[in-house]
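# A structural walkthrough
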Amino acid sequence: MKKHIHVVGAIIENDKNEIFCALRNPHMVLANYWEFPGGKIEVGESSKQALAREILEEFNCSIEVNEKVEDTTYEYKEFIVRLETFKASIISGEPLALEHTEIRWVARHQLLELNFAPADIPSIKKLLAEK
Ligand SMILES: Nc1nc2c([nH]c(=O)n2[C@H]2C[C@H](O)[C@@H](COP(=O)(O)OP(=O)(O)OP(=O)(O)O)O2)c(=O)[nH]1
């Protein structure tokens, strides 16, 4: 049976209406895909707590987690991901790519030009439908 993982992703928008995107490094699972920053929920954590922890660990900045955008499940070849995405805003620090190959602020209508992890596409479609 395929492994199930529960993952959270942050949709962080700046004051120019650009969204923070991160490129997974070549050694990560799902290497070289763009994603919303985040990671797996650990035992005892809420989704929002996990998201704040992951952003601090991987980008060295603090966020406030706001409303949920999407909750979707995607079956990859090797495992199944449940991805919950939330709007979030940076409350302190400038994001640094501590584990990712690249980080980029991208206009909403250009998100689909990046090679995003397939599980993220429903979240992106919701964002595109918002404005
Ligand atoms: N962070 C993140 N992961 C995503 C997204 N879309 C998507 O399919 N994934 C997948 C990629 C990975 O298989 C998994 C997240 O794992 P991860 O390696 O980033 O999580 P983590 O930081 O907790 O990793 P680790 O401590 O186990 O190394 O979810 C997304 O938008 N953000």
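Residues numbered from 1 in each chain as written. Predicted model: local features only at pLDDT ≥ 70, side-chain atom pairs only at ≥ 80, totals over all residues.

For the protein, an unreviewed UniProt entry supplies the name 8-oxo-dGTP diphosphatase and the organism Lysinibacillus pakistanensis. UniProt, in its Sequence similarities (unreviewed entry) section for the protein, records the words "Belongs to the Nudix hydrolase family." UniProt, in the comment section headed Catalytic activity (unreviewed entry), describes the protein in these words: "8-oxo-dGTP + H2O = 8-oxo-dGMP + diphosphate + H(+)". (UniProt positions renumbered as here; feature names shortened; annotations may be inferred.)

## Points about the sheet that holds strand E7 (residues 102-107)
Strand order in the open sheet formed by three strands is E3-E2-E7, with antiparallel pairing between adjacent strands. The open sheet has two edge strands, strand E3 (34-35) and E7, and neither has a second partner. Judged from the six bridges that link them, strand E2 (residues 18-23) and E7 form a sheet pairing that is antiparallel. When the sheet's bridge partners are listed, Cys21 is paired in E7 with Arg104. (Pairing = 2+ DSSP bridges. Helix = DSSP H or I, 4+ residues; strand = E, 2+ residues; numbered from the N terminus.)

## Here's the deal with the UniProt feature "domain: Nudix hydrolase" (unreviewed entry) in the protein
According to UniProt, the feature "domain: Nudix hydrolase" (unreviewed entry) maps to residues 3-129 in the numbering used here. Taken end to end, residues 3-129 has its terminal C-alpha atoms 32 Å apart, with 17% of it in helix and 43% in strand.

## Some words on the site of the ligand
Around the ligand, a shell composed of 17 residues is seen, among which Gly9, Glu35, Gly39, Lys40 and Ala119 lie nearest. Of all the elements in the fold, those that place two or more residues in the shell around the ligand are strand E1 (3-12), strand E4 (38-40) and strand E6 (79-92). (Near = placed C-beta within 6 Å.)

## Re the environment of Thr73
As for its placement among the helices and strands, Thr73 is situated in strand E5 (residues 62-75). Taking the C-beta count within 10 Å as the criterion, Thr73 has 12 such neighbours and is therefore assigned exposed. (Buried ≥ 20, exposed ≤ 12 C-beta atoms within 10 Å, placed from the backbone.)

## A word on helix H1 (residues 47-59)
For H1, which comprises 13 residues, the first-to-last C-alpha distance of 18 Å matches the rise-based estimate of 18 Å (1.5 Å per residue) to within 8%. Here H1 has its buried residues at Ala50, Leu51, Ala52, Glu54, Ile55 and Phe59. Contact partners of the buried residues in H1: E1, E4, E5 and E6. Phi for Asn60, located one or two positions after H1, is positive at around 55 degrees. (Expected span 1.5 Å × (residues − 1). Contact = placed C-beta atoms within 7 Å.)

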